[in-house]
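Summary of the model geometry
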Amino acid sequence: MASLQGRDFLKLLDFSAQDINHMLDLAAAFKAMKHRGVPHRLLEGRNIVLLFEKTSTRTRCSFEVAGYDLGMGVTFLDPASSQVSKKESIADSARVLSRFYDGIEYRGFGQAIVEELAEYADCPVWNGLTDEWHPTQMIADMLTLREAFGDDLRGRKLVFMGDARNNVANSLMVVCAKLGLDYTACGPQQNQPEEWLVERCRELARESGSAICVTDSVEEGCAGADVLYTDVWVSMGEPDEVWEQRIGALSPYQVNDAAFALAEPDAIFLHCLPAYHDVKTKVGQDIFERFGLTQMEVTDAVFESPRSRVFDEAENRMHAIKAIMYATLSDAPLPSQV
Ligand code: CP
């Protein structure tokens with residue numbers, strides 16, 4: 001396999017199935033080491049910087065803990081604490097930061113921003129979420145599926161329910177097409193993925209032997225599913241005003257017991273989190289007061305059920321991000337003693 005050392009990690013369209021499986025193998029190995037308490041400070045002396053223009057719990061904490069576990073120094077910058085974007089262009093920031101750091105993470109708005117950062121930086125740049133893609137989430141999700149179904153995921157069927165054209169759904173369609181899982185985007189027509197991406201994924205699926213389906217029928221979409229996946233109905237950066245329209249359009253695509261009744265008996269539930277499954281959040285409470293809903297994209301019963309693997313999935317963000325950083329910063333195989 002070609003080394004990934006020095007590569008940027010911007011979107012999964014840039015990587016082969018072999019590359020993705022390599023990162024999954026690394027993630028599983030790092031998870032085993034972490035659980036066994038085996039130190040793995042394999043990147044001692046390196047430093048990374050994390051640029052967050054949007055809020056985060058999992059992604060930020062994953063990069064920080066993964067960086068510390070690997071022995072690296074970690075700097076966190078938010079928009080209020082640096083000059084990036086406001087007083088210094090992305091191109092200039094990239095050239096400055098790569099004089100200090102061995103890797104740069106970016107979470108923010110358009111994909112073009114992280115692509116520009118990568119163009120001007122001399123070190124690997126990692127996409128921690130843009131409006132278009134969420135690639136680190138995919139390595140965690142596929143690791144979670146490996147843990148549920150075994151390492152060979154070919155032929156499994158993953159269904160994304162709801163806003164099936166958001167960054168997570170787009171990324172899932174790509175990773176499924178690459179790894180040979182059948183993928184179904186299940187949502188109303190205005191929330192379905194763009195045609196060019198569906199066509200690109202169908203080309204990839206032909207190579208991997210899988211199928212890409214787009215439907216507005218819950219019955220068709222969930223039939224025979226191994227995985228039901230959903231995400232919030234309004235993504236970060238979208239205005240509050242769209243809630244009313246989204247609730248109307250996406251309520252039929254809620255992941256609930258009726259949807260699971262159509263799926264395989266051992267089907268599991270995934271969600272990238274955070275999830276609106278109750279009213280114990282400010283947004284959940286506000287939606288309850290405005291629209292009377294106590295749960296949105298997933299019912300509390302499904303979220304809390306044994307089918308739900310969402311906290312394994314969240315933990316796997318850290319192991320996945322560690323693998324991505326290691327693969328792009330070093331081509332040394334993991335030492336056998338670890
Ligand atoms: N899933 C995810 O990216 O979570 P955060 O927004 O908390 O990073």
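Here the structure is a predicted model, which is why all the values come from computation and not from measurement.

Digging into the site of the ligand
Around the ligand, the structure places S56, T57, R58, T59, R107, H134, Q137, C272, L273 and R317. The separation between an oxygen atom of the ligand and a polar side-chain atom of T59 is 2.7 Å. A distance of 3.0 Å is found between a nitrogen atom of the ligand and a side-chain nitrogen or oxygen belonging to Q137. With respect to the pocket detection grid, the ligand is positioned in the largest pocket. Of the residues assigned to the shell around the ligand, the class counts are two nonpolar, five polar and three charged.

Topic: the layout of surface pockets
Quantified by volume, the largest pocket comes out at close to 940 Å³. N167, V232, V234, S235 and M236 are the residues nearest the centre of the largest pocket, which is lined by 43 residues in total. Breaking the lining of the largest pocket down by element, the ones donating at least two residues are α2 (58-69), α6 (167-179), α7 (195-208) and α11 (282-291). Looking at the lining of the largest pocket element by element, the count peaks at four residues for α11. When grouped by side-chain class, the residues that make up the lining of the largest pocket number 16 nonpolar, 13 polar and 14 charged. Approximately 190 Å³ is the volume found for the second largest pocket. Every residue lining the second largest pocket is counted, 16 residues in all, and those nearest its centre are H22, L26, D331, A332 and P333. If you list the elements that add at least two residues to the lining of the second largest pocket, you get α1 (17-36) and α13 (310-329). Looking at the lining of the second largest pocket element by element, the count peaks at four residues for α1. Residue composition of the lining of the second largest pocket, grouped by class: 10 nonpolar, four polar and two charged.

Describing the nonpolar core
The biggest cluster of nonpolar side chains holds 67 residues, and the ones touching the most others in it are L12, M142, L145, L158, L172, Y183 and M325. Excluding residues that lie within four positions of it along the chain, L158 makes contacts with M142, L145, L172, C176, D182, Y183, T184, V227 and Y229. The next biggest cluster of nonpolar side chains, apart from the first, holds 20 residues, and it includes C186, Y253, A267 and V310.

Some words on the packing of aromatic side chains
Applying the stated criterion across every chain, the model contains eight aromatic pairs. Aromatic pair F30 and Y326: ring centres 5.5 Å apart, planes at 75°, arrangement edge-to-face. Of the two residues, F30 sits in helix α1 while Y326 sits in helix α13, which places them 296 residues apart along the sequence. Comparing F30 with Y326 shows no difference in burial state: the two are buried. For the ring pair F100 and Y101, a centre distance of 6.3 Å and an interplane angle of 40° mean the geometry is tilted. With a relative accessible area of 58%, F100 lands in the exposed category. Over the ring of F76 we find R60; its NZ or CZ atom is 3.5 Å from the centre of that ring.

Some words on the pairing of strand β8 (residues 227-230)
On β8, burial covers both faces: V227 and Y229 on one face and L228 and T230 on the other are all buried. Note that strand β5 (residues 157-161) and β8 share four bridges and pair parallel. Counterpart to M161 in the pairing with β8 is T230. Sheet analysis places β8 next to strand β9 (residues 268-271), joined by four bridges and oriented parallel. When the sheet's bridge partners are listed, T230 is paired in β9 with H271.

What about empty space enclosed by the protein?
By the definition in use, this model includes one cavity of 30 Å³ or more. The computed volume of the largest cavity comes to approximately 70 Å³. If you go around the largest cavity, the residues you meet are L51, F52, E53, L77, D78, P79, S82, V84 and Y106. Here the residues of the lining of the largest cavity are counted per class, giving six nonpolar, one polar and two charged.

Brief notes about the pattern of salt bridges
Scanning the entire structure with this criterion turns up 18 salt bridges. Residues R154 and D152 are paired through a salt bridge, measuring 2.8 Å at the closest nitrogen-oxygen approach. Between R246 and E238 there is a salt bridge, with its nearest N and O atoms 2.9 Å apart. Judged by its relative accessible area of 29%, E238 falls in the partly exposed class. Counted as one network, the salt bridges with shared partners bring together D163, R165, E238 and R246.

Some details on the packing of α6 against α7
One way to put it is that α6 packs onto α7 with a least axis distance of 7 Å and a crossing angle of 20°. With respect to their mutual orientation, α6 and α7 come out roughly parallel. Along its contact with α6, which presents N170, M173, V174, A177 and K178, the element α7 presents L197, V198, C201, L204, A205 and S208.

What counts as what
- Residues numbered from 1 in each chain as written.
- Predicted model: local features only at pLDDT ≥ 70, side-chain atom pairs only at ≥ 80, totals over all residues.
- Heavy atoms only, no water.
- Near = heavy atom within 4 Å.
- Polar contact = N/O pair within 3.5 Å; in protein donor to acceptor, adjacent residues only side chain to side chain.
- 1 Å grid on protein atoms, 1.4 Å probe; cavity = no way out; pocket = protein on both sides within 12 Å on 5 of 7 lines; lining within 4 Å.
- Sits in = over half its atoms within 2 Å of the grid points.
- Nonpolar A, V, L, I, M, F, W, Y, C, P; charged D, E, K, R; others polar.
- Points joined across faces, edges and corners; volume = space filled by probe spheres on them.
- Helix = DSSP H or I, 4+ residues; strand = E, 2+ residues; numbered from the N terminus.
- Core = buried A, V, L, I, M, F, W, Y, C linked by side-chain atoms within 4.5 Å.
- Buried < 20%, exposed > 50% of the residue type's maximum accessible area, 1.4 Å probe, protein only.
- Contact = heavy atoms within 4.5 Å.
- Phe/Tyr/Trp six-rings, centres within 6.5 Å; stacked < 30°, edge-to-face > 60°.
- Lys NZ or Arg CZ within 6 Å of the ring centre and 35° of its normal.
- Pairing = 2+ DSSP bridges.
- Salt bridge = Lys/Arg side-chain N within 4 Å of Asp/Glu carboxyl O.
- Axes fitted to C-alpha atoms, helices over the stretch in contact; angles between N-to-C directions.
- Parallel < 35°, antiparallel > 145°, perpendicular 65-115°, else oblique.

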